[in-house]
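Geometric and topological summary
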Amino acid sequence: MRILKVKSKDFLSVEDFSGREINHIFAFTSALKAEIKKGKKHNYLHRKSLAMIFEKDSTRTRVSFETGMTQLGGHALFISGEEIKLGKRETVHDIAKVLSRYVDGIMIRTFSHANVAEMAAYATVPVINGLSDSFHPCQALADIFTIYEREKGLRGVKLSYVGDGNNVANSLLHCAALTGVDISIACPNGYRPDEGVVEFSRNAAMKTGSRIEITDRIEEAVKGSNYIYTDVWISMGQERESAKRKKIFAKYKISKRLLSACAPGCRVMHCLPAHRGEEIDADVLDSERSIVFDQAENRLHVQKAIMCALMTK
Ligand code: CP
Ligand code: NVA
């Protein structure tokens, strides 16, 4: 299989890839996934190392990146925020320079997106955003890939998102717009996706034909949707706003009743971790409509394709 070389050095936000590049990554992901299931061994990142910095908790991101590196013939090292102390023990600038002398790629999960951007600016190796307060691009690629593999393409698909216009929503909007998926986001006023993200996505949509809607009317947003998505009301770092957010988002939940307002056979998506009874009812999350574990699995396959695209240059 030929690996696509993407233009960008880094993957900080979905915008770093073009729609064409995303489609190539999806095709490469499909091939990698099919081959590994047949027992084929890959060596695309033979003896390469990925440093993974985690300032926030994780299950999927850590395990999928670490396993992904092993499956590609390389190795990943976990570095906790507690030990590296970004900007406290030393500057992000110095960490970027030092790590670039040891490893072939850096994955970072942090709070401020400025940390991710600074790491990328000074690292000479590729930097991958494993989630910041603003974006979760690996998640969005895995999510849209999950739809792509179910539908065998993305034409005519409508995705709705109900809840907080957060990091996951921002990246999902970017990715839907770049790949021509129609997306309707229902969120309370004051919790809409980032303005810059909306503007970029509306421009991208003019080329791809994706229809974008952002509203506070939940039923209207989910009407006719083939996929309905939600994420937690309280993201990592927002714990102090917990009581306020639970009130504001109370209506923004996926329930059986809301599912019946979507297109027949609509599938349910969540990036996980989920809070049953808050943004999604347990009988929906645990139902046969739910494809949340396919999404989780596809983090592994998509990220392997992303690492191949960035780290084999
Ligand atoms: N969806 C996701 O990024 O999961 P983790 O926070 O467990 O990595
Ligand atoms: N929006 C959530 C996503 C977790 C994967 C958060 O940032 O905590």
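Look up: the structure comes first, before these words.
Residues numbered from 1 in each chain as written. Chains lettered and ligands numbered in written order. Predicted model: local features only at pLDDT ≥ 70, side-chain atom pairs only at ≥ 80, totals over all residues. Heavy atoms only, no water.

**Observations regarding the site of ligand 1**
Spelled out, the test is: Working definition: residue near molecule or strand if any one of its non-hydrogen atoms lies within 4 Å of it. Whenever two N or O atoms come within 3.5 Å, that pair is a polar contact, provided that in protein one can donate a hydrogen and the other can accept it, and provided that, for residues adjacent in sequence, both atoms are side-chain atoms.
As a structural note, the neighbourhood of ligand 1 is formed by S58, T59, R60, T61, R109, H136, Q139, C271, L272 and R299. S58 places a polar side-chain atom, nitrogen or oxygen, 2.7 Å from an oxygen atom of ligand 1. At 2.7 Å from an oxygen atom of ligand 1 is found a side-chain nitrogen or oxygen belonging to T61.

**So, the pairing of strand β2 (residues 75-80)**
The condition that has to hold: When DSSP finds two or more bridges between two strands, those strands count as paired. Strands are runs of DSSP state E lasting at least two residues, helices are runs of H or I lasting at least four, and both sets are numbered from the N terminus onward. Orient the strands so they point away from the viewer, and a crossover whose first-strand-to-second-strand path over the helix runs clockwise is right-handed.
Note that strand β1 (residues 49-54) and β2 share six bridges and pair parallel. Looking at the pairing, I53 lines up with I79 of β2. Taking the sense of rotation as the criterion, the β-α-β connection linking β1, helix α2 (residues 60-71) and β2 turns out right-handed.

**Regarding the packing of helix α6 (residues 137-151) against helix α13 (residues 292-311)**
Heads up, the condition is: Under this scheme, a helix contributes an axis fitted over its contacting stretch, all axes are lines through C-alpha atoms, and angles between N-to-C directions fall in the 0 to 180 degree range. Comment on the angle field: the value is read as roughly parallel under 35 degrees, roughly antiparallel over 145, roughly perpendicular from 65 to 115, and oblique elsewhere. In what follows, a contact means two residues having at least one pair of non-hydrogen atoms within 4.5 Å. Polar here means any residue other than Ala, Val, Leu, Ile, Met, Phe, Trp, Tyr, Cys and Pro, which are nonpolar, and Asp, Glu, Lys and Arg, which are charged; Gly is therefore polar.
With their axes 8 Å apart at the nearest point, α6 and α13 run at an angle of 110° to one another. What the angle tells us is that α6 and α13 run roughly perpendicular. For the pair formed by α6 and α13, the contact residues are C138, Q139, L141, A142, D143, F145, T146, E149 and R150 on the first element and D294, Q295, N298, R299, V302, Q303 and I306 on the second. Class assignment for the residues of the contact of α6 with α13 results in six nonpolar, five polar and five charged.

**Quick notes on the sheet that holds β2**
Spatial ordering of the open sheet is given by β2-β1-β3-β4, a layout of four strands whose pairing is parallel. The open sheet is flanked by β2 and β4 (127-129), the only strands paired with a single partner. Within this sheet the neighbouring strands show an average axis-to-axis angle of 20°, counted without direction.

**Some details on the pattern of salt bridges**
Operational definition: Whenever a carboxyl oxygen of Asp or Glu lies within 4 Å of a side-chain nitrogen of Lys or Arg, that contact is scored as a salt bridge. Buried residues are those whose accessible area, probed at 1.4 Å on protein chains only, stays under 20% of the maximum for their type, while exposed residues exceed 50% and partly exposed ones sit between those limits.
Using the criterion set out here, one finds 14 salt bridges in the structure. For D182, the salt bridge identified is with R211, shortest N-O distance 3.1 Å. Residue D182 is found in strand β6 (residues 182-186), and its partner R211 is found in the loop between α8 (195-208) and β7 (212-215); the two are separated by 29 residues along the sequence. On the basis of relative accessibility, which here comes to 61%, the residue R211 falls in the exposed class. One salt bridge in this structure joins R257 and E219, with 2.7 Å as the shortest N-O distance. Note that R257 is positioned in helix α11 (residues 256-259) and E219 in helix α9 (residues 218-222), a separation of 38 residues in sequence.

**Structural notes on the site of ligand 2**
Taken together, L131, N166, N167, V168, D231, V232, S235, M236 and L272 make up the full set of residues adjacent to ligand 2. Taking N167, its side chain carries an N or O atom lying 2.8 Å from an oxygen atom of ligand 2. In terms of residue class, the shell around ligand 2 is made up of five nonpolar, three polar and one charged.

**Things to note about the nonpolar core**
Keep this limit in mind: Buried Ala, Val, Leu, Ile, Met, Phe, Trp, Tyr and Cys residues that are joined via side-chain atoms within 4.5 Å together make up what is termed a nonpolar core.
Ranked by internal contacts, the top residues of the largest apolar core, which has 65 residues, are L141, L159 and I306. Not counting chain neighbours up to four residues away, the residues in contact with L141 comprise F11, V14, F17, I22, I25, F26, C175, V302 and I306.

**Some details on the packing of aromatic side chains**
Condition: Think of it this way: a Phe, Tyr or Trp ring, Trp meaning its six-membered ring, pairs with another when their centres are within 6.5 Å, and the plane angle makes it stacked under 30 degrees, edge-to-face over 60, tilted otherwise. Geometrically, a lysine NZ or arginine CZ counts as sitting over a ring once it is within 6 Å of the ring centre and also within 35 degrees of the ring normal.
Counted under the stated rule, the structure contains ten aromatic pairs. On the numbers, 4.3 Å between centres and 5° between planes, the contact of F11 with F17 is stacked. In this pair, the class of F11 matches that of F17, namely buried. Between F249 and Y252, the aromatic rings sit 6.3 Å apart at their centres with planes inclined by 80°, giving edge-to-face as the arrangement. Taken individually, F249 and Y252 each receive the classification buried, so the pair is uniform in this respect. Counting every residue linked through ring pairs, the aromatic cluster contains Y191, W233, F249 and Y252. For R62, the ring lying beneath its charged end belongs to F78, and the centroid distance is 3.9 Å.

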